[in-house]
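Each chain is listed here by its residues.
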Amino acid sequence: MENPDIVATMGAKKRADQFLVGFAAETNDLKQNAQKKLTAKHLDLMVANDVSQSQIGFNSDDNQVTFMWPDGRQQQTPIESKAKVAEEIVDIIATDILKEK
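This report concerns the structure included in the present document. Here the structure is a predicted model, which is why all the values come from computation and not from measurement.

## Focus: the overall build of the chain
Next up, step 1: The secondary structure content of the chain amounts to three helices and six strands.
Next up, step 2: Counting from the amino terminus, helix and strand elements in the chain follow one another as α-β-α-β-β-β-β-β-α.
Next up, step 3: Structurally, the chain occupies a C-alpha span of about 40 × 40 × 20 Å along its principal axes.
Next up, step 4: A burial count over the chain gives 38% of its 101 residues as buried.
Next up, step 5: Counted over contacts in the chain with a minimum sequence separation of 6, partners at least 24 positions apart contribute 39%.
Next up, step 6: Within the structure as shown, the chain displays about 6,600 Å² of accessible surface, and the carbon and sulfur contribution to it stands at 53%.

## A word on the packing of aromatic side chains
Both the distance between ring centres and the angle between the ring planes are used here to describe each pair of aromatic rings.
Next up, step 1: Counting across every chain of the model gives zero aromatic pairs.
Next up, step 2: Note that arginine 73 overlies the ring of tryptophan 69, its terminal NZ or CZ placed 4.3 Å from the centroid.

## Observations concerning the layout of surface pockets
Next up, step 1: Within this model, the largest pocket holds a volume of roughly 160 Å³.
Next up, step 2: Contributing to the lining of the largest pocket are Phe23, Ala24, Ala25, Val47, Asn49, Phe58, Asn63, Val65, Lys82, Val85, Ala86 and Ile89.
Next up, step 3: Listing elements by their share of the lining of the largest pocket, those giving two or more residues are β1 (21-26), β2 (45-50) and α3 (82-99).
Next up, step 4: Among the elements that take part in the lining of the largest pocket, α3 stands out by supplying four residues, more than any other.
Next up, step 5: Of the residues that constitute the lining of the largest pocket, the class distribution is nine nonpolar, two polar and one charged.

## Observations regarding the sheet that holds strand β5 (residues 74-76)
Next up, step 1: Strand order in the open sheet made by the four strands is β1-β2-β4-β5, with mixed pairing throughout. The sheet is open, and its two borders are formed by β1 and β5, each paired with just one other strand. Direction aside, the axes of adjacent strands within the sheet are offset by 20° on average.
Next up, step 2: Note that β1 and β2 share six bridges and pair parallel. The partner of glycine 22 across the bridge, within β2, is methionine 46.

## Some points on unusual backbone geometry
Note on backbone geometry: most residues besides glycine have negative phi, and most peptide bonds are trans.
Next up, step 1: Of note in the backbone geometry, aspartate 29 takes a positive phi value of approximately 50° without being a glycine.
Next up, step 2: When you line up the elements, aspartate 29 lands in the loop between β1 and α2 (30-40).
Next up, step 3: Residue classification places aspartate 29 among the partly exposed positions, given a relative accessible area of 47%.
Next up, step 4: Not every positive phi belongs to a glycine, and histidine 42 is a case in point at roughly 60°.
Next up, step 5: Tracing the sequence through the fold places histidine 42 in the loop between α2 and β2.

Reading the values: rules and limits
- The residue numbering used here restarts from 1 in each chain and proceeds along that chain's sequence as written.
- Local features are withheld for residues below a pLDDT of 70 in this predicted model, meaning they are given only at 70 or higher, and side-chain atom pairs are given and counted only at 80 or more; totals for whole chains, interfaces and linings count all residues.
- Note: side-chain values were computed over all heavy atoms of the structure, leaving out hydrogens and water.
- Numbering goes from the N terminus for both helices and strands, where a helix is a DSSP run of H or I of at least four residues and a strand is a run of E of at least two.
- When accessible area is computed with a 1.4 Å probe and restricted to protein chains, residues below 20% of their type maximum are described as buried, those above 50% as exposed, and intermediate ones as partly exposed.
- What makes two residues a contact is simply this: any of their non-hydrogen atoms within 4.5 Å.
- Surface exposure here means Shrake-Rupley accessible area, sampled with a 1.4 Å probe, where a residue is shielded only by the protein chains that are shown.
- Each pair of aromatic rings taken from Phe, Tyr and Trp, with Trp reduced to its six-membered ring, is defined by centres within 6.5 Å and is described as stacked if the planes are under 30 degrees apart, edge-to-face if over 60, and tilted in the remaining cases.
- Whether a charge lies above a ring is judged from NZ of Lys or CZ of Arg, which has to be within 6 Å of the ring centre and within 35 degrees of the ring normal.
- Buriedness for pockets is judged along seven lines, at least five of which must meet protein on both sides within 12 Å for an open set on the 1 Å grid over protein atoms alone, while cavities are sets there where a 1.4 Å probe fits but cannot get out, and lining residues have an atom within 4 Å of a point.
- Grid points are joined across faces, edges and corners, and a volume is the space filled by probe spheres set on the points.
- Here the term charged refers only to Asp, Glu, Lys and Arg, the term nonpolar to Ala, Val, Leu, Ile, Met, Phe, Trp, Tyr, Cys and Pro, and the term polar to all other amino acids, Gly among them.
- Should DSSP find at least two bridges between two strands, the strands are regarded as paired.
- To obtain an axis, a line is fitted to C-alpha atoms, over the contacting stretch when the element is a helix, and the angle between two such axes runs from 0 to 180 degrees between their N-to-C directions.

Here's what the structure looks like:
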């Protein structure tokens, strides 16, 4: 039995007052695969992570991600701590939510 895609389900039912973030851990075609997921799952923000690099990602305290928005904007972080990446995600969510008010 296949696991349900919870994020896609949430995206299909998302209300205008909700902000949905997805994470794409990819080993190839990072931006193309992440863009497809961003669109298909109706996300407000995609955090794309190239997990093929040994110095970042799963087995490291550091990471480098690309933030992607539905309007085509993209922003890549430098290699930095996972805690810093988390802070940036929270800042983006807060900024985007405040823009809409």
